[in-house]
Amino acid sequence: MKIAVLPGDGIGTEIVAQAVKVLEALDLNLEMEHALVGGAAFEAHGHPLPESTLKLAKESDAILFGAVGDWKYDKLDRPLRPEQAILGLRKNLGLFANFRPAICYEELVGASSLKPELVSGLDILIIRELTGDIYFGQPRGRRVSPDGAFAGADEAFDTMRYTRPEVERIARVAFEAARKRSKRVTSVDKANVLETFQFWKDIVIEVHKDYPDIALDHMYVDNAAMQLVKEPKRFDVVVTGNMFGDILSDEASMLTGSIGMLPSASLNTKNQGLYEPSHGSAPDIAGQGIANPLATILSAAMMLRFSLNQSEAADRIEAAVKTVLAQGLRTADIHSPGTQKVSTAQMGQAVIKALA
Ligand code: IPM
Ligand code: MG
């Protein structure tokens, strides 16, 4: 089983190092090969997604990814920005199905910005379509380096676009996932305004005919954003497009106490997957050893379960994370009075100890 390890930028290197140690502690005979990606790859090779990194990713069973990006690259031409690395990996490997579970651990109920009764027991699965939508539609207008201005241009646009097969396959993923949970799917759209999302909604309704055992409802994205903080437990599986899923998953992460707790899996049709925390590179706290490695460690668990067929090992990691939380260990983002503040590395060590 070959894993491409792509730590990336900012806190990416610190959190991925901990997840790698946890994987090593499981003694599963995993072959892990590291490569540069994002700003780190740009510095070394002049491109955020070098050929060699893409090749390694393609020939691996799974990819463990940290995070990319730093404000210092904001003035680069779009194709050279660190974010293009993750978008390129998603597109090149066809990783269309993005799973972002938002689970509120009982021990962290108090860390959420919402009232405990609203989030206690929360378990939502956001399924975000990841290779279509406005992220990959045709753009117009290009900011010109080095001054960072749209020299002379008087408009810029991006194109929101979905094809029928793209919507059909993500709808199926959502209905299949719901079968293993509480059999409810909420499809989030903006059909009241956007043609692309009326199309989305119509196709989701069509595909639903094959899943009569699943309850389907539809919600406009603005309302969904409101309901997520008003009554989050009304949701179970949420399926939506790339852009809305990006926004709603950040919102949902805060229900769980911290975005530092939210793992993710991005799968293609061959169950090859890229696993990454849902958070970014957080350059403001990089290098301080205070980032929360749990989202990445939990992403490694998802990798074992979905791409490597090692669900027992995945269960062990998830149980170990619950143990360290129950022991009162907290990184700064989830720390509260009465708990013990630990560093990134201490948290990783504690998870390894709890595995036993
Ligand atoms: C995410 C991130 C990415 C996205 C960025 C880094 C390109 O925000 O994975 O949610 O917008 O998809
Ligand atoms: Mg995002």
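Residues numbered from 1 in each chain as written. Chains lettered and ligands numbered in written order. Predicted model: local features only at pLDDT ≥ 70, side-chain atom pairs only at ≥ 80, totals over all residues. Heavy atoms only, no water.

Novice: Looking at this structure, how should I read the pattern of salt bridges?
Specialist: It is possible for side chains of opposite charge to pair when their charged atoms get near one another. Scanning the entire structure with this criterion turns up 15 salt bridges. In this structure, the salt-bridge partner of K190 is D222, at a minimum N-O distance of 3.3 Å. One end of the pair, K190, is in the loop between β6 (184-189) and α7 (195-208); the other, D222, is in helix α8 (residues 221-230), and 32 residues separate them in sequence. In this structure K190 comes out as buried when scored by relative accessible area, which is 17%. Judged by its relative accessible area of 45%, D222 is partly exposed. With a shortest N-O distance of 3.8 Å, R234 and E231 are connected by a salt bridge. (Salt bridge = Lys/Arg side-chain N within 4 Å of Asp/Glu carboxyl O. Helix = DSSP H or I, 4+ residues; strand = E, 2+ residues; numbered from the N terminus. Buried < 20%, exposed > 50% of the residue type's maximum accessible area, 1.4 Å probe, protein only.)

Novice: Would you mind going over the side chain of S264 with me for this structure?
Specialist: In this structure, S264 sits in the loop between α9 (242-255) and β9 (265-267). Among the polar contacts listed, one links the side chain of S264 to the backbone oxygen of E276, at a separation of 2.8 Å. In this structure, S264 is in contact with N98, F99, R100, L274, Y275, E276, S278, S299 and M302, ignoring residues within four places of it in sequence. (Polar contact = N/O pair within 3.5 Å; in protein donor to acceptor, adjacent residues only side chain to side chain. Contact = heavy atoms within 4.5 Å.)

Novice: Explain the sheet that holds strand β5 (residues 123-129) to me, please; I cannot follow it from the model alone.
Specialist: The strands that make up a sheet are held in pairs by hydrogen bonds between backbone atoms, and each pair lies either parallel or antiparallel. As summarised here, the arrangement of the 10 strands in space is β2-β1-β3-β10-β9-β4-β5-β8-β6-β7, forming an open sheet in which the pairing is mixed. With partners counted over all chains shown, the strands left at the sheet margins are β2 (31-34) and β7 (215-220), one partner each. Ignoring which end each strand starts from, the neighbouring axes of this sheet average 20° apart. On top of the sheet, helix α4 (residues 83-93) reaches β1 (2-8), β3 (62-67), β4 (97-103), β5 and β10 (273-275); it is set at about 160° to β3, its chief contact. (Pairing = 2+ DSSP bridges. Axes fitted to C-alpha atoms, helices over the stretch in contact; angles between N-to-C directions.)

Novice: What's the story with the site of ligand 1 in this structure? I'm lost.
Specialist: Neighbouring ligand 1 are the residues E83, I86, R90, R100, R128, Y135 and D246. At 2.7 Å from an oxygen atom of ligand 1 is found a side-chain nitrogen or oxygen belonging to R90. In the environment of ligand 1, an oxygen atom lies 2.5 Å from a nitrogen or oxygen atom belonging to the side chain of Y135. Contact with the protein chains removes 77% of the 320 Å² of surface that ligand 1 exposes when unbound. (Near = heavy atom within 4 Å. Areas by Shrake-Rupley, 256 points an atom, 1.4 Å probe, with all protein chains shown as cover.)

Novice: Just to check I follow, could you spell out the packing of aromatic side chains for this structure?
Specialist: Here the distance between the centres and the angle between the planes together describe a pair of aromatic rings. Evaluated as defined, the whole model comprises seven aromatic pairs. Ring geometry for Y162 against W200: centres 5.3 Å apart, planes inclined by 55°, an arrangement best described as tilted. With Y162 in the loop between β5 and α6 (164-179) and W200 in helix α7, this pair connects stretches of sequence that are 38 residues apart. With 4.7 Å between their ring centres and 35° between their planes, F197 and F244 make a pair best called tilted. Of this pair, F197 sits in helix α7 while F244 sits in helix α9; the two residues are 47 residues apart in sequence, bridging distant segments of the chain. (Phe/Tyr/Trp six-rings, centres within 6.5 Å; stacked < 30°, edge-to-face > 60°.)

Novice: Explain the pairing of β3 to me, please; I cannot follow it from the model alone.
Specialist: Put simply, side chains in a regular strand alternate between the two faces of the sheet. Extensive coverage of β3 is indicated by the burial of six of its six residues. Sheet topology places β3 next to β10; three bridges connect them, and they run parallel. The residue of β10 that forms the bridge with A62 is G273.

Novice: Any chance you could explain the domain arrangement of the chain here in plain terms?
Specialist: As a measure of interface size, the accessible area lost when the parts come together is often cited. Taken domain by domain, the chain consists of domain 1 (1-96 + 268-356) and domain 2 (100-261). The centre of domain 1, based on its C-alpha atoms, is set 22 Å off from the matching centre of domain 2. Listed per partner, the contact involves 27 residues of domain 1 and 27 residues of domain 2. Across the interface of domain 1 and domain 2, roughly 2,400 Å² is buried in total on both sides, 61% from carbon and sulfur atoms. It is R90, F96 and S278 that lose the most area in domain 1 upon contact with domain 2, and together they represent 28% of the buried surface on that side. Taken together, domain 1 and domain 2 are joined by zero salt bridges. (Domains from an automatic or database assignment. Buried area = accessible area lost by both parts, 1.4 Å probe.)

Novice: I'm lost on the environment of A356 in this one. Help?
Specialist: Residue position: A356 is located in the segment after α12 (344-355). Residue classification places A356 among the exposed residues on the basis of a relative accessible area of 95%. Along the backbone, A356 and H208 are 148 residues apart, and their C-alpha atoms lie at a distance of 44 Å.

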